[in-house]
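So you can see what is in the structure, the chains are spelled out below.
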Amino acid sequence: MGEAAAEQGAAKHSRMARSGTGALLLAAAVLGAVVSWWICVVQRVPVSAASELAAVQFGAPIPWIAQDLTASPQAAYPSDVRMLLTGNSAWDAPAEYDWGAFAANTLMWGAAVWAVGALLIWLATRVRRSGPRPESQSLRES
């Protein structure tokens, strides 16, 4: 009877660990997608001539959005441009998307988020375990 309870407890712990890992992977993927989009929004791309405005590449480390910014010429060159998110219509700044590159960026940024999260969790557990000792233990050592 004791072995069955131990096996049942181990199976429950294994299911909880798998669901926790799945949740962590899903959160990392979502955050990876958010980071991929956010980079495009805040990124400034240098252009050295008006002809380069026809297909400005946004995204890092792999560009996944190419936007036509010829409707927004710069006053002087070289200049830094940002992705145009607003306008009177979609024709103001048409964009092309490379969803494969977006998926690759999402995986890379998600892996980075996962690694940082795993490191923070590991550090937090180390700090908790090395916290203050119970008083009875410190008296025995004296």
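Asks: Would you mind going over the packing of aromatic side chains with me for this structure?
Replies: How two aromatic rings sit relative to each other is given by the distance of their centres and the angle of their planes. Tallying each qualifying case throughout the model produces 6 aromatic pairs. Seen from their ring centres, Trp64 and Tyr97 are 6.3 Å apart, and the 40° between their planes marks the pair as tilted. One end of the pair, Trp64, is in the loop between β2 (56-58) and β3 (65-67); the other, Tyr97, is in strand β5 (residues 95-97), with 33 residues separating them in the sequence. For Trp64, a relative accessible area of 4% translates into the label buried. Consider the rings of Tyr97 and Trp99, whose centres lie 5.4 Å apart with planes at 20°: the pair is stacked. Site record: aromatic cluster; members linked through ring pairs are Trp37, Trp64, Tyr97, Trp99 and Phe102.

Asks: Help me out: how do you make sense of the pairing of strand β4 (residues 79-82) in this one?
Replies: Each regular strand shows side chains that alternate between the opposite faces of the sheet. The side-chain alternation of β4 yields one buried face, formed by Ser79 and Val81, and one unburied face, formed by Asp80 and Arg82. Two elements, strand β1 (residues 44-47) and β4, share 4 bridges in a ladder whose sense is antiparallel. Bridging across to β4, Arg44 finds its partner in Arg82.

Asks: Help me out: how do you make sense of the sheet that holds β3 in this one?
Replies: Across a sheet, paired strands are connected by hydrogen bonds in the backbone, their directions being either parallel or antiparallel. Strand order in this open sheet of 3 strands is β2-β3-β5, and the pairing throughout is antiparallel. With one partner strand each, in any of the chains shown, β2 and β5 form the two edges of the open sheet. Here the average twist between neighbouring strands, direction ignored, is 20°. The pairing of β2 with β3 spans 3 bridges and is classified as antiparallel. The residue bridging Val56 from the neighbouring strand is Gln67, located in β3.

Asks: What am I meant to see in helix α2 (residues 99-129) here?
Replies: Two residues of an α-helix separated by three or four positions point the same way, owing to the 3.6 residues in each turn. A rise of 1.5 Å per residue sets the reference length of α2, with its 31 residues, at 45 Å; its end C-alpha atoms lie 44 Å apart and thus fit the reference within 8%. Among the residues making up α2, those that are buried are Ala101, Phe102, Asn105, Thr106 and Gly110. Residue Asp98 occupies the N-cap position of α2, its side-chain oxygen lying 3.2 Å from the main-chain nitrogen of Gly100.

Asks: When you look at the nonpolar core in this model, what are you seeing that I'm missing?
Replies: Taken as a class, soluble globular proteins show a tendency for nonpolar side chains to be buried jointly. Core analysis: the largest hydrophobic core is formed by 14 residues, its most contacted members being Val56, Phe58, Leu69 and Val81. Mapped by element, the contributors of at least two residues to this core are β1, β2 and α2. Setting aside anything within four residues of it in sequence, one finds Val56 in contact with Val45, Val47, Ile65, Ala66, Gln67, Leu69 and Val81.

Asks: Just to check I follow, could you spell out the side chain of Ser79 for this structure?
Replies: Secondary-structure assignment places Ser79 in strand β4. Using a relative accessible area of 15% as the deciding quantity, one classes Ser79 as buried. Within polar-contact distance, the side chain of Ser79 engages the side chain of Gln74 at 3.2 Å. Here Ser79 is in contact with Val45, Pro46, Val47 and Gln74, once residues within four sequence places are set aside.

What counts, and where the lines are drawn
- Numbers given to residues run from 1 along each chain, matching the order in which its sequence is written.
- For this predicted model, a pLDDT threshold of at least 70 governs which residues receive local features, and a threshold of 80 or more governs which side-chain atom pairs are given and counted, while totals over whole chains, interfaces and linings are taken from all residues.
- The basis for the side-chain values is all heavy atoms of the structure; hydrogens and waters are excluded.
- The rule is short: rings of Phe, Tyr and Trp, with Trp giving its six-membered ring, pair when the centres are within 6.5 Å, and they are stacked under 30 degrees, edge-to-face over 60, tilted in between.
- Strands are runs of DSSP state E lasting at least 2 residues, helices are runs of H or I lasting at least 4, and numbering of each runs from the N terminus.
- For every residue, the accessible area obtained with a 1.4 Å probe (protein chains only) is divided by the maximum for its type, and the residue is called buried under 20%, exposed over 50%, and partly exposed between those limits.
- By definition, two strands form a pair when at least two bridges between them are found by DSSP.
- Think of each axis as a best-fit line through the C-alpha atoms, taken over the contacting stretch in the case of a helix, with angles from 0 to 180 degrees between the N-to-C directions.
- Expected helix span is given by 1.5 Å per residue-to-residue step, counting one fewer step than there are residues.
- Here a polar contact means two N or O atoms within 3.5 Å. Within protein one must be a hydrogen donor candidate and the other an acceptor candidate, and residues neighboring in sequence count only if both atoms are side-chain atoms.
- As used here, the term nonpolar core means buried Ala, Val, Leu, Ile, Met, Phe, Trp, Tyr and Cys residues forming a set that is joined through side-chain atoms within 4.5 Å.
- Contacts are assigned to residue pairs that have any heavy atoms within 4.5 Å of one another.

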